[in-house]
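# Coordinate analysis (summary)
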Amino acid sequence: MATYLINMATTSTVEARHPPKMAYGESVSFAYDTFRSDKVRFALTALGMVVGTASLILVVTIAMTGKKYVLDQIQGIGVNMIVVEYQGGDHGDDFLTIDDMNAVLRQMPGIVAASPVVPLAERIPIGHNQERDLDVLGVFPEYITVRNLVVLSGRFFDGQDEQAHNKVGVITQKLAEQVYGSVDDAVGKVVKLSGLPFTIIGTFRERVDTFGRSEVTNNTMVIPYTVTRYFTNSPEVRQLYFSAAEPSIVIPVTGKIQNVIQFRHRPESAYFVQNLTEVVAMAERTANALTLVLLLIAAVTLFVSGIGIMNIMLATVSSRITEIGIRKAIGATNRDIRFQFLSEAMLISLIGGSAGVIVGLALPFSVRIFTEYRLPISALSVVVAIVVSCSVGILSGTAPATFAAGLDPVESMRHE
């Protein structure tokens, strides 16, 4: 520091004739030398920025991970799926029928697959004089596509089984494991439904767990729709499932399906036509709101860090009043003094912010390296973290730097 002041003194004559220019590199170098002389104070001051910046990046990572998980779950159910269900009417029942489904297929070119759902309730023996409730669903072979199901063993019944009225079926994974021990052992077993033998030709599960909020339960067996006519003579169906060709046409197709169904039934009858587009949009809005709340919490941490930097810089100015007076006496301008202390505050913020970025990225990268999970990493969050840390440095250093620049040189040199 003494060498720095001597150099300033030797150039005072020249600066008296020519207005001094700000030596940015020299000021930053001087700020670095200042912190080297008190590493503990610098480290403790920068620690708040490390925590705040790392928190910001981790908040964005956690929010993006949660959002991706929720959207993957919804897309696993089927974003192209459209469901039609009868809700009720004022003048007796007016249920959906296969004719309704065929009418939609004729008038809607954007539909690539469709299936009815006809529920049946059965009880099957499971040994030791015990029985088990079974939820039987009569569907088309296209049901596997519309509902985005995963076949675990065997196969799903096809169009030939449908046309031949083959008494075959597929059961859920949990039902196979609980009754037969495994999904593989379930294939080939015979189940009697109302005395008719049905051969289990495969097992399946939903692509994502719907936690019992769909027509598929742990005790579900799916059979061809044509075979359900052995159990009921009614053409009524509980639900109609449709699959649109593209997600972009789901919303307009949903409205058109509503119109076709309503036109074919009584005006007072109500039908619920739903797709998952609104659910996806709601999930995105919820995730974005949660991200905003968490970012505000991280911002509070950065704000507290900025107050800490401001306090340290004010203490630094108070301890260096004599130095400020000497610098002004040998030609330093208020602008030079202001930049000197601003550069020190920015140096704390920048180094603390950079260390926080490293800490914040360490967790998602570690998860990627040591596990099979791929946590999303936002490059934008890194850029924002650096910009915010620099901004905090500027804002927190402005008041101390302004105070230092406004000191009277004569009074400053008298200060002890």
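## Focus: the overall build of the protein
Summing up its helical and strand segments, the protein has 15 helices and twelve strands in all. Among the 416 residues that make up the protein, the fraction classed as buried is 43%. As presented, the protein carries roughly 21500 Å² of accessible surface, and 60% of it is formed by carbon and sulfur atoms.

## Some details on the packing of aromatic side chains
Tallying each qualifying case throughout the model produces six aromatic pairs. Ring geometry for Tyr86 against Tyr271: centres 5.3 Å apart, planes inclined by 50°, an arrangement best described as tilted. Residue Tyr86 is located in strand S1 (residues 81-88), and its partner Tyr271 is located in strand S12 (residues 270-275); the two are separated by 185 residues in the primary sequence. Under the relative-accessibility criterion, Tyr86 is labelled buried at 12%. A residue is classified by how much of its surface remains accessible, and Tyr271, at 5% relative accessible area, is buried.

## Quick word on helix H14 (residues 379-405)
Compared with the 39 Å implied by 1.5 Å per residue over 27 residues, the 38 Å span of H14 between its first and last C-alpha is a close match. The principal kink in H14, of about 40°, is found at Thr398, preceding the proline Pro400 by one to four residues. Within H14, the full set of buried residues consists of Ser381, Ala385, Ser389, Cys390, Val392, Gly393, Ser396, Gly397, Pro400, Ala401, Ala404 and Ala405.

## Remarks on the pattern of salt bridges
Evaluated as defined, the whole model comprises seven salt bridges. Measuring nitrogen to oxygen at the nearest pair gives 3.2 Å for the salt bridge that ties Arg266 to Glu268. Judged by relative accessible area, Arg266 falls into the partly exposed class, the value being 29%. Among the charged side chains, a salt-bridge network with shared partners connects Arg147, Glu206 and Glu215.

## Considering the packing of helix H5 (residues 98-107) against helix H10 (residues 250-263)
Two quantities define a packed helix pair, namely the angle between the axes and the distance from one axis to the other. At a minimum axis distance of 10 Å, the contact between H5 and H10 shows a crossing angle of 130°. By the angle between their axes, H5 is oblique relative to H10. In the crossing of H5 with H10, the sense of the turn from one axis to the other is right-handed. Mapping the contact onto sequence places Asp100, Ala103, Val104 and Gln107 in H5 and Ile257, Val260 and Ile261 in H10.

## As for the environment of Leu152
In this fold, Leu152 is placed in strand S5 (residues 149-154). For Leu152, a relative accessible area of 32% gives the class partly exposed.

## Some points on the side chain of His265
Within the secondary structure, His265 sits in the loop between H10 and S12. For His265, a relative accessible area of 12% translates into the label buried. In this structure His265 touches Asp94, Phe95, Asp100 and Tyr271, once residues within four positions along its chain are discounted.

## Topic: the side chain of Thr254
Its location among the elements puts Thr254 in helix H10. Classification of Thr254 by relative accessible area gives buried; the value is 10%. For Thr254, the residues in contact, after removing those within four places along its chain, are Ile82, Val273 and Asn275.

## Quick look at the packing of helix H12 (residues 321-329) against helix H13 (residues 334-370)
Running from N to C, H12 and H13 point in directions that differ by 140°, and their axes come no closer than 10 Å. Here H12 lies oblique to H13, going by the angle between them. H13 is crossed by H12, and the crossing has right-handed handedness. For the pair formed by H12 and H13, the contact residues are Ile324, Arg327 and Lys328 on the first element and Asn334, Asp336, Ile337, Gln340 and Phe341 on the second.

## Details of the nonpolar core
One finds Ile324, Ile337 and Phe341 to be the most contacted residues of the largest nonpolar core, which totals 27 residues. Mapped onto this core, the elements with two or more residues apiece are helix H4 (39-77), helix H11 (277-319), H12, H13 and H14. Considering every element that reaches this core, the biggest residue donor is H13, with seven residues. In this view, Ile337 contacts Ile324, Arg327, Lys328, Ala332, Ala404 and Ala405; residues no more than four positions away in its chain are not counted. If you look at the next biggest cluster of nonpolar residues, it comprises 25 residues, including Ala114, Val237, Ile257 and Tyr271.

## A word on the pairing of strand S9 (residues 220-224)
In the case of a regular strand, side chains alternate between the two sheet surfaces. Extensive coverage of S9 is indicated by the burial of five of its five residues. Where strand S4 (residues 130-139) and S9 come together, five bridges link them in parallel fashion. What sits directly across from Leu137, in S9, is Val222. Judged from the two bridges that link them, strand S6 (residues 168-172) and S9 form a sheet pairing that is antiparallel. When the sheet's bridge partners are listed, Val170 is paired in S9 with Val222.

Each value, and the rule that gives it
Residues numbered from 1 in each chain as written. Predicted model: local features only at pLDDT ≥ 70, side-chain atom pairs only at ≥ 80, totals over all residues. Heavy atoms only, no water. Helix = DSSP H or I, 4+ residues; strand = E, 2+ residues; numbered from the N terminus. Buried < 20%, exposed > 50% of the residue type's maximum accessible area, 1.4 Å probe, protein only. Areas by Shrake-Rupley, 256 points an atom, 1.4 Å probe, with all protein chains shown as cover. Phe/Tyr/Trp six-rings, centres within 6.5 Å; stacked < 30°, edge-to-face > 60°. Expected span 1.5 Å × (residues − 1). Bend = angle between axes of the 7 residues up to and from the residue. Salt bridge = Lys/Arg side-chain N within 4 Å of Asp/Glu carboxyl O. Axes fitted to C-alpha atoms, helices over the stretch in contact; angles between N-to-C directions. Parallel < 35°, antiparallel > 145°, perpendicular 65-115°, else oblique. Left-handed = near helix turned anticlockwise from the far one by under 90°. Contact = heavy atoms within 4.5 Å. Core = buried A, V, L, I, M, F, W, Y, C linked by side-chain atoms within 4.5 Å. Pairing = 2+ DSSP bridges.

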